[in-house]
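The primary structure of each chain is shown beneath.
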Amino acid sequence: AGATTWKTHLYTINTGRPSARVHTPETGKQIRAAFMMSSVTINEKFNNGKYIRVMNARHPLDRLVSAYRDKYRDGAGPKGSVFKKYVYQLRDSTVLTNITFTEFLQIVVDNKKHGKENHHWKNYYSTCSACELPYDYIMKVETHTEDLRYIFKMAGITEVDVEAQYHATSVNKTTSDHVYGSDSSYMSYYEGVDYQLIKDIHYLYKEDYQLFGYEIPQFVQNIIENKK
């Protein structure tokens, strides 16, 4: 959650200047992004007391809407070969446009069934090992600015503007986004989604609700309890 904002801030800390191209190998080297390091190196750094260990969390349903808006361009079409492949597998068709949110949710569920979950929507419980790893801070997208201000103050970091938040509008470009985070607008995406699919999605993220104290929306609770 908030990867673009984090990468931009880390790049600024390391270089003294922000960058509009944080999703590239070149900037990855500057911020020592995880994909540039081996698992052994990551574990060594994680257990080294001189580093501050932080993870971000986001409400599961809001996070899925964000992934749909970004990776499937709000239904217009997929943003890369991996996401195209998921559509081909789902539709058994070469048509890659007009992807509904229901189709996206089915892709998420199918990923899990086939044991090939994409890290952009894999649950935090599995991805970040919040119960096993000694994080110093667990932030939430919903309180991102307040959390970041506190962490940077504790770390003595003054090079970045904690009010500035960024969104990946394309593969290599970022823009400032001051409406970053959770809001009620994501709820409308779930209107008309099949009840069984809602249940399947809920169970995929059940641990995330529990671990991070996120509220289960009433419409989901009603479906789980068969009240509908």
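Cut-offs used in this document
Residues numbered from 1 in each chain as written. Predicted model: local features only at pLDDT ≥ 70, side-chain atom pairs only at ≥ 80, totals over all residues. Heavy atoms only, no water. UniProt positions renumbered as here; feature names shortened; annotations may be inferred. Helix = DSSP H or I, 4+ residues; strand = E, 2+ residues; numbered from the N terminus. Buried < 20%, exposed > 50% of the residue type's maximum accessible area, 1.4 Å probe, protein only. Contact = heavy atoms within 4.5 Å. Areas by Shrake-Rupley, 256 points an atom, 1.4 Å probe, with all protein chains shown as cover. Expected span 1.5 Å × (residues − 1). Axes fitted to C-alpha atoms, helices over the stretch in contact; angles between N-to-C directions. Parallel < 35°, antiparallel > 145°, perpendicular 65-115°, else oblique. Left-handed = near helix turned anticlockwise from the far one by under 90°. Nonpolar A, V, L, I, M, F, W, Y, C, P; charged D, E, K, R; others polar. pLDDT = per-residue confidence, 0-100.

Looking at an unreviewed UniProt entry, one finds the chain named Carbohydrate sulfotransferase and attributed to Meganyctiphanes norvegica. UniProt annotates the chain under Sequence similarities (unreviewed entry) with the comment "Belongs to the sulfotransferase 2 family." Quoted straight from UniProt, the Subcellular location (unreviewed entry) entry for the chain says "Golgi apparatus membrane".

In terms of helices and strands, the chain carries 11 helices and four strands. Put simply, the chain has 228 residues, and 41% of those count as buried. Of all intrachain contacts in the chain linking residues separated by at least 6 positions in sequence, the fraction that spans at least 24 positions is 63%. When the accessible surface of the chain is totalled, it reaches about 12,700 Å², and 49% of it is carbon and sulfur.

Because an α-helix packs 3.6 residues into every turn, residues spaced three or four apart end up facing the same way. With 13 residues, helix 1 (residues 3–15) should cover 18 Å at 1.5 Å per step; its first-to-last C-alpha distance of 18 Å lies within 8% of that length. Burial in helix 1 covers these residues: T4, T5, W6, K7, T8, H9, Y11 and T12. G16, located one to two residues past helix 1, shows a positive phi value of around 85°.

This part is about the packing of helix 6 (residues 101–113) against helix 9 (residues 195–204). At their nearest, the axes of helix 6 and helix 9 sit 10 Å apart, and the two run at 50° to each other. Classified by the angle their axes make, helix 6 and helix 9 are oblique. In the packing of helix 6 onto helix 9, the handedness of the crossing is left-handed. Of the residues in helix 9, those touching helix 6 at T102, L105, Q106, V108, V109 and K112 are L197, D200, I201 and L204. Residues of the contact of helix 6 with helix 9, tallied by class, amount to six nonpolar, two polar and two charged.

When pLDDT is low, close inspection of the predicted coordinates is not appropriate. A residue-level look at the chain finds 82% of positions with pLDDT of 70 or above and a mean pLDDT of 83. Here residues 169–182 is a poorly scored stretch, pLDDT under 50, and it has 41 contacts once near neighbours within four places are set aside; other chains count.

Here we come to the environment of L197. The topology assignment puts L197 in helix 9. When near neighbours in sequence (up to four residues on either side) are disregarded, L197 contacts T102, L105, Q106 and V109.

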